[in-house]
Amino acid sequence: MISLYQLSIFLTVVDEGNYSAAAKKLNMTQPAVSMQIKGLEERYKTRLFERQGQRMAPTERAQALIGPARELLAVATKTEKTISGPGSGELSGRLTLVVTVEGRQLPPLLADFQRLHAAVIINARRQPEAEALAALRDGSADLAVLGEAAASKQFESITLLEDELVPVVPANHPWASLAEDTPLHLGEMVVQPLVLPPAGSELRSAIEDALAERGLTSQDLQPSLEFDRIEDVALAVEAGAGLGFISRSRVSPAAVYVAQSFGNGEVASPISIPLRAYLVRPRRARPTPVAAAFWRYVNDE
């Protein structure tokens, strides 16, 4: 089913005329907006925009989508207000989230939900996974955002966000100017100054697994810098520290996504590591109206 979140981004690009202006209005990065539009195009095998000078003009297929998209978002807003409770003209209350993962897509998603429900107050705090699950159990948090679906039958999970971890280099790096069809050998990667998450972390393990499939072992990776947070890895790469792995939605003009194929011998392909975040709630506890509304909102995405 088509995502209300993607439709909202689509309409913002239509209204603002280009990805940059849409990203600014949505408090997102331009690559994140572009990735959402690309996701729609790939899913429905059609082009939605064509560049005309500085503007992104809707294609004929996109023009046909604009009216139904606006109607669908209006109906969604009306439905949320209707279901918020008897005697209540507007959904109100507090939503407490405990978050264990990073993701630039989460704040815009929360902001979009809050725009639909101006009387809702959202509090999102970062905690380790064990503490996040404990907060769900004792009721001090309504929902949790985890890097993996909860394994315990006490909880239920739905996919909240999807992104990918990709290699990036500073904008002045020699690889930044290479043509995309220029292959790179994995040996060229390990001699670069590397900026990575710490050994043993979930993100580091994901990177090591992806490189192991291409023939590199964890011993081959000798980082110059290690940071717990993807945001810090991104900032270090942008400052010229070396090659790092960050989420695709976080890529900025100061860092260039290395889209070239990496490999050993005949096997070579671009490196892309799936990243997912899950929304989790207690299975038996009765959710607050705000928590239930946000769960439905994400489920509709």
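Structural notes, computed from the coordinates. Not measured: the values here are computed from a predicted model.

Rules used in this analysis
- Residues numbered from 1 in each chain as written.
- Predicted model: local features only at pLDDT ≥ 70, side-chain atom pairs only at ≥ 80, totals over all residues.
- Heavy atoms only, no water.
- Core = buried A, V, L, I, M, F, W, Y, C linked by side-chain atoms within 4.5 Å.
- Buried < 20%, exposed > 50% of the residue type's maximum accessible area, 1.4 Å probe, protein only.
- Contact = heavy atoms within 4.5 Å.
- Helix = DSSP H or I, 4+ residues; strand = E, 2+ residues; numbered from the N terminus.
- Pairing = 2+ DSSP bridges.
- Phe/Tyr/Trp six-rings, centres within 6.5 Å; stacked < 30°, edge-to-face > 60°.
- Lys NZ or Arg CZ within 6 Å of the ring centre and 35° of its normal.
- Arc of directions from axis to C-beta.

### Details of the nonpolar core
(1) Moving on: Membership of the largest hydrophobic core comes to 46 residues, with the highest contact counts inside it found for Phe10, Phe49, Leu279 and Phe294.
(2) Moving on: When sequence neighbours within four positions are dropped, the list of residues in contact with Phe294 reads Leu95, Leu110, Phe113, Leu143 and Leu279.
(3) Moving on: Ranked by size, the runner-up nonpolar core spans 31 residues in total, among them Leu184, Leu243, Phe245 and Val251.

### Side note on the pairing of strand β6 (residues 155–170)
(1) Moving on: Among the 16 residues of β6, 12 are classified as buried, and the element is accordingly described as predominantly covered.
(2) Moving on: In this sheet, strand β14 (residues 273–282) lies alongside β6 in antiparallel orientation, the contact comprising 10 bridges. Considered in β14, the bridge of Ser157 is made with Val280.
(3) Moving on: Bridge count for β6 against strand β10 (residues 243–247) is 4 bridges, and the pairing is antiparallel. When the bridges of β10 are listed, Val166 appears paired with Ile246.
(4) Moving on: Judged from the 3 bridges that link them, β6 and strand β11 (residues 255–257) form a sheet pairing that is antiparallel.

### Focus on the packing of aromatic side chains
(1) Moving on: Summed over the entire model, instances satisfying the criterion amount to 6 aromatic pairs.
(2) Moving on: When the ring of Trp175 is compared with that of Phe262, the centres are 5.7 Å apart and the planes differ by 65 degrees; the resulting orientation is edge-to-face. Highlighted residues: Trp175 in the loop between β6 and β7 (184–185) and Phe262 in strand β12 (residues 262–264), separated in sequence by 87 residues. Comparing Trp175 with Phe262 shows no difference in burial state: the two are buried.
(3) Moving on: One aromatic cluster is present, built from ring pairs that chain together Phe10, Tyr19 and Phe49.
(4) Moving on: The ring of Trp295 is capped by Arg281, whose NZ or CZ atom sits 4.0 Å from the centre of that ring.

### Comments concerning helix α6 (residues 129–138)
(1) Moving on: Considered for burial, the residues of α6 that qualify are Ala132, Leu133, Ala135 and Leu136. Considered in projection along α6, the buried side chains sweep an arc of 155 degrees and stay on one side of the axis. Pointing more than 90 degrees away from the buried face of α6 are the exposed residues Ala130 and Asp138.
(2) Moving on: Among the structural elements, β3 (93–99), β4 (120–126), β5 (143–146), β6 and β14 are those in contact with the buried residues of α6.
(3) Moving on: Just downstream of α6, Gly139 is the residue with a positive phi angle, here 85 degrees.

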